[in-house]
Amino acid sequence: MATAEGYDRLAVLKEFDESKTGVRGLVESGVTTIPPIFRHPDLHPSDASPDLSIPTIDLSLPRPLAVDLIRAASRDWGFFQITNHGVPLPVLDRTISAVRSFHELPPAERSKHYSRSTDGGVSYSSNVDLYRSSAASWRDTIQVMMGPARAEPDRIPAVCRAELVAWDEHVTGVGRALMGMMAEGLGLGPGRLEEMTCLEGRTMVCHYYPPCPEPDLTVGIADHTDPAVLTVLIQDHIGGLQVKRKGEPGEAYWVDVKPLPGALVINVGDLLQMISNDEYNSVEHRVVANSHQEARVSIGVFFNPGKRGESDFYGPLQELVSPEKPACYRNFTISEFMGTFFSKQLASKSLIDHFKL
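Fair warning: this is a prediction, and the values are worked out from it, not measured in the lab.

Draft legend 1. Local environment of the UniProt feature "domain: Fe2OG dioxygenase" (unreviewed entry) in the chain. Following the UniProt record, the feature "domain: Fe2OG dioxygenase" (unreviewed entry) maps to residues 194–305 here. In this annotation, residues 194–305 is assigned 7% helix and 45% strand; the end-to-end C-alpha distance for the span is 9 Å.

Quick look at the structure:
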């Protein structure tokens, strides 16, 4: 069907998707302008506030102090970086390098892995919401399910298999430590979130943001919130992640998440905002299109409950509900939660609103 722009958008989307080489393939072909499917007509420039940065928390601080800082950051920002988290810098570097190596395989090699199907627990494609979004974003992604059931090892590309499996072990330890402190920050026992199986569901998304010839006309990822309890992110030195910070009523601005060598970026997901009954906040964030000559790489791990039966309900924890602060959300299953997410384009802001009382 022809659009107001005068082209058959669906046909162009299919042609791009069926090339099986993603945005990286466009760059390899030598494009000097971005195709119309990537143009975001209402895009605001990357007008980040230069004077602000998200909190950075040193996990080697005494635990009560670290818990207080994490509670404040989770409430006021929804984002923070952590240092002294116990993962050696070479592990982070190897993980980033392995993901870069996969995305920079020759087109004929990496196209063998290209598929939107998650059968086997692995998918490689460009834009998870390619056919649902109003405009595509300038990135490619390999996604690997690490739990509750891990992807079949031979489905993970050999060039990054060992590094991603190793990173899953490290990031699970980081997630356990963070969930313990975040639970304490809510006045709960340190094992409360882990008891809810929030450590068991792990999806690893390995993003690749190629250099963009017209970065002011598109984005790396549109503004969104994460459908998770918690996200742990490694980013390389390029930068581009921005967090929305609300100011005076009706005002908001973007804050750059500046890369810190060895740091991990942590953010509260939609599920944790609802579990915490709005004590913690899941905030909008985005990635601007890459204006550098070198591709940007990031690896995010989304933590979600492993118990996903139709009788496993989630919602505000009873310990956090009182006559003074009644429940802000109804209870729901993980299948309803994820089904609602995947029925919308990534940039939709209505996931949490869907469950509000």
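Having put the structure on the table, let's press on.
Draft legend 2. Local environment of the packing of aromatic side chains. What the rule picks out here adds up to seven aromatic pairs. When the ring of Phe16 is compared with that of Phe38, the centres are 5.4 Å apart and the planes differ by 90°; the resulting orientation is edge-to-face. A residue pair is termed long-range when its members are at least 10 positions apart, and Phe16 in helix H1 (residues 9–18) and Phe38 in the loop between helix H2 (22–28) and strand E1 (56–58) qualify at 22 residues. Here the aromatic residues Phe16, Phe38 and Trp138 are joined through ring pairs into a cluster of three or more. Here the guanidinium or amino end of Arg245 rests over the ring plane of Trp77, the centre of that ring lying 3.9 Å away.

Draft legend 3. The packing of helix H3 (residues 63–76) against helix H6 (residues 161–185), seen in detail. Their axes nearest at 8 Å, the elements H3 and H6 cross at an angle of 80°. One way to sum up the angle between H3 and H6 is to call them roughly perpendicular. Where H3 approaches H6, its residues Arg63, Ala66, Val67, Ile70, Arg71 and Ser74 are matched on the opposing element by Leu178, Gly180, Met181, Met182, Glu184 and Gly185. The residue makeup of the contact of H3 with H6, split by class, is six nonpolar, three polar and three charged.

Draft legend 4. Up close: unusual backbone geometry. Note the cis peptide between Gly147 and Pro148, where omega equals 5°. Within the element layout of this structure, Pro148 appears in the loop between strand E4 (140–147) and H6. Not every positive phi belongs to a glycine, and Lys20 is a case in point at roughly 60°. Note on Lys20: relative accessible area 38%, which makes it partly exposed. In this structure, Asn277 takes a positive phi of about 55° despite not being glycine. Tracing the sequence through the fold places Asn277 in the loop between helix H8 (270–275) and strand E11 (285–288).

Draft legend 5. Region of interest: H3. Taking 1.5 Å per residue as the helical rise, H3 with its 14 residues ought to reach 20 Å, and the 20 Å between its terminal C-alpha atoms agrees with that figure. The set of residues buried in H3 consists of Ala66, Val67, Ile70, Ala73 and Ser74. Each buried residue of H3 sits inside an arc of 135° when the element is viewed along its axis, so together they form one side. Where H3 is buried, its residues meet E1, strand E2 (79–83), H6 and strand E10 (264–268). Positive phi shows up at Gly78, right after H3, with a value of about 75°.

Draft legend 6. View of the sheet that holds strand E12 (residues 296–304). Strand order in this open sheet of eight strands is E1-E2-E10-E7-E12-E5-E4-E3, and the pairing throughout is mixed. Both edges of this open sheet fall to E1 and strand E3 (122–125), since each of them pairs with a single strand only. With direction set aside, neighbouring strand axes in the sheet form an average angle of 20°. For strand E7 (residues 230–235) and E10, the ladder comprises four bridges, and the chain directions are antiparallel. Bridged to Leu230 within E10 is Val268. The strands touched by helix H4 (residues 89–103) are E3, E4, strand E5 (201–209), E7, E10 and E12; relative to E12, the strand with the most contacts, the crossing angle is about 110°.

Draft legend 7. Representation of the nonpolar core in the model. Phe80, Leu164, Trp167, Leu178, Leu264 and Ile299 are the most contacted members of the largest nonpolar core, which has 71 residues in total. With nine residues, the top contributor of residues to this core is H6. With near-sequence residues (within four places) excluded, Leu164 lies in contact with Thr95, Val99, Val144, Met146, Ile156, Met204 and Cys206.

Draft legend 8. Region of interest: the pairing of E7. For E7, the buried fraction is high: six of the six residues fall into the buried class. The alternating pattern of E7 places Leu230, Val232 and Ile234 on one face and Thr231, Leu233 and Gln235 on the opposite face, and all of these are buried. Sheet topology places E7 next to E12; six bridges connect them, and they run antiparallel. In the sheet register, Val232 faces E12, and the bridge partner there is Val301.

Draft legend 9. Structural view of the packing of H4 against H6. Where H4 meets H6, the closest approach of the two axes is 9 Å, and the angle between their N-to-C directions is 140°. In terms of their interaxial angle, H4 and H6 are classed as oblique. Read as a crossing pair, H4 and H6 show a hand that is left-handed. Note on element contacts: H6 touches H4 through Glu163, Leu164, Trp167 and His170, opposite Val91, Leu92, Arg94, Thr95, Ala98 and Val99. For the contact of H4 with H6, the residue count by class is six nonpolar, two polar and two charged.

Conventions we followed
Residues numbered from 1 in each chain as written. Predicted model: local features only at pLDDT ≥ 70, side-chain atom pairs only at ≥ 80, totals over all residues. Heavy atoms only, no water. UniProt positions renumbered as here; feature names shortened; annotations may be inferred. Helix = DSSP H or I, 4+ residues; strand = E, 2+ residues; numbered from the N terminus. Phe/Tyr/Trp six-rings, centres within 6.5 Å; stacked < 30°, edge-to-face > 60°. Lys NZ or Arg CZ within 6 Å of the ring centre and 35° of its normal. Axes fitted to C-alpha atoms, helices over the stretch in contact; angles between N-to-C directions. Parallel < 35°, antiparallel > 145°, perpendicular 65-115°, else oblique. Contact = heavy atoms within 4.5 Å. Nonpolar A, V, L, I, M, F, W, Y, C, P; charged D, E, K, R; others polar. Buried < 20%, exposed > 50% of the residue type's maximum accessible area, 1.4 Å probe, protein only. Expected span 1.5 Å × (residues − 1). Arc of directions from axis to C-beta. Pairing = 2+ DSSP bridges. Core = buried A, V, L, I, M, F, W, Y, C linked by side-chain atoms within 4.5 Å. Left-handed = near helix turned anticlockwise from the far one by under 90°.

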